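Next come the chains, spelled out residue by residue.
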Amino acid sequence: MERQREIGLHIINEGEYTKGGDWLSYVDRRFEGFEARPPIGGKPLILQGKDRDEFADFYKYATERGTLFYEPAGQIKQSRPHWVAVGPIKYIAADALRREIEIFRSVVGRDAEAFITTTPASLEPYRRNEYYKTQEEFVFALAEAMRTEYQAIVAAGFILQIDDAWLAALWDRIGIAMGLDAYRKYCEVRIEALNHALHGLPEDRIRYFCVGGAGTARMPTT
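Note that the structure is a prediction, hence the values are computed from the model and not measured. (Residues numbered from 1 in each chain as written. Predicted model: local features only at pLDDT ≥ 70, side-chain atom pairs only at ≥ 80, totals over all residues. Heavy atoms only, no water.)

What follows concerns the overall build of the protein. Within the protein, the secondary structure is distributed over 7 helices and 7 strands. Written out in order from the N terminus, the α and β elements of the protein read α-β-β-α-α-β-α-β-β-α-β-α-α-β. Looking at the protein residue by residue over its 222 residues, the buried ones come to 45%. Within the protein, counting contacts between residues at least 6 apart in sequence, those at least 24 apart form 78% of the total. (Helix = DSSP H or I, 4+ residues; strand = E, 2+ residues; numbered from the N terminus. Buried < 20%, exposed > 50% of the residue type's maximum accessible area, 1.4 Å probe, protein only. Contact = heavy atoms within 4.5 Å.)

Laid out in structure tokens, this is it:
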């Protein structure tokens with residue numbers, strides 16, 4: 001926090017260290033309704049894609065040397081469980097979330113402006129649906145569960161930063177095969193699910209960050 005202030009940042013964040021430094025796996029223990037299973041085909045989505053096929057030698061070289069991702073202190077997991085929805089999705093980590101918020105507030109001070117990052121559709125690539133009737137229903141169920149987290153962050157006086165990096169990254173992995181029109185529809189559904197989760201929250205307390213710019217969330221107006 002002090003280093004952020006020293007370089008002149010006015011609005012700082014927790015660096016996701018209250019999440020263990022791994023922005024995806026922190027939610028693994030926050031949902032009810034999933035069980036861990038191997039991914040279909042045995043190859044997780046993060047290891048697929050046109051880019052990995054065309055530059056396979058580079059990815060092999062970087063992976064073997066542990067330099068593909070910058071991971072100080074080794075926080076980022078090299079492998080992740082693949083979760084399957086087998087029942088209603090529920091958010092069950094209100095106490096853990098409250099503790100993270102309290103820790104951050106105690107560090108930044110009562111009146112400091114700061115933001116906390118959380119994630120929406122980026123949860124989906126490591127999860128499969130076997131419970132809901134449609135994939136769209138499954139996506140909205142994830143969004144509804146995450147709504148608990150979004151509301152708590154804003155209620156605590158922090159800016160909510162929505163980090164949706166996977167929405168852009170999935171173009172290389174599934175979008176090219178789908179075709180542009182189908183992928184646009186895919187993104188639209190997930191943006192609408194996010195809008196559902198953000199409904200009622202003040203627009204000036206929300207930031208949307210999508211690496212690559214594959215889509216832009218329409219912030220709720222009511």
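What follows picks up the thread again.
Turning to its location among the elements, Gly 157 is positioned in the loop between α5 (135-155) and β6 (159-163). When the C-alpha positions of Gly 157 and Asp 111 are compared, they lie 8.8 Å apart, and in sequence the two are 46 residues distant. What Gly 157 contacts, discounting residues up to four positions off in sequence, is Arg 105, Glu 113 and Arg 205.

Let's shift gears to the pattern of salt bridges. Taken as a whole and assessed by the stated rule, the structure comprises 11 salt bridges. The residue Arg 98 makes a salt bridge to Asp 95 at a minimum N-O spacing of 2.7 Å. Within this pair, Arg 98 and its partner Asp 95 are both found in helix α4 (residues 94-108), separated by 3 residues, close to a single helical turn. Given a relative accessible area of 57%, Asp 95 falls into the exposed group. (Salt bridge = Lys/Arg side-chain N within 4 Å of Asp/Glu carboxyl O.)

Turning our attention to the pairing of β6. Most of β6 sits inside the fold, with 5 of its 5 residues counted as buried. With burial as the criterion, each face of β6 is covered, one bearing Ile 159, Gln 161 and Asp 163 and the other bearing Leu 160 and Ile 162. One ladder, built from 4 bridges, connects strand β4 (residues 114-118) with β6; its direction is parallel. The residue of β6 that forms the bridge with Thr 117 is Gln 161. When β6 meets strand β7 (residues 206-209), the two strands line up parallel, connected through 4 bridges. Bridged to Leu 160 within β7 is Ile 206. (Pairing = 2+ DSSP bridges.)

Before going further, it helps to examine the sheet that holds strand β2 (residues 31-37). Hydrogen bonds between backbone groups are what pair the strands of a sheet, and the pairing can be parallel or antiparallel. With respect to topology, 3 strands assemble into an open sheet ordered β2-β3-β5, the strand pairing being mixed. The open sheet has two edge strands with one neighbour each: β2 and β5 (127-129). For this sheet, the mean inter-axis angle between neighbouring strands, taken without regard to orientation, is 40°. Pairing of β2 with strand β3 (residues 82-91) involves 6 bridges; the strand directions are antiparallel. Along β3, the bridge assignment pairs Glu 32 with Lys 90. (Axes fitted to C-alpha atoms, helices over the stretch in contact; angles between N-to-C directions.)

Below, the discussion takes up the nonpolar core. Of all hydrophobic cores here, the largest spans 37 residues; its most connected members are Phe 31, Phe 34, Ile 89, Tyr 150, Phe 158, Leu 160 and Leu 198. Among the secondary structure elements, those contributing two or more residues to this core are β2, β3, α4, β4, α5, β6 and α7 (180-198). Ranked by the residues each element gives to this core, the list is headed by α5, at 10 residues. Grouped together as the second largest cluster of nonpolar side chains are 11 residues, Trp 166, Tyr 186, Cys 187 and Cys 210 included. (Core = buried A, V, L, I, M, F, W, Y, C linked by side-chain atoms within 4.5 Å.)

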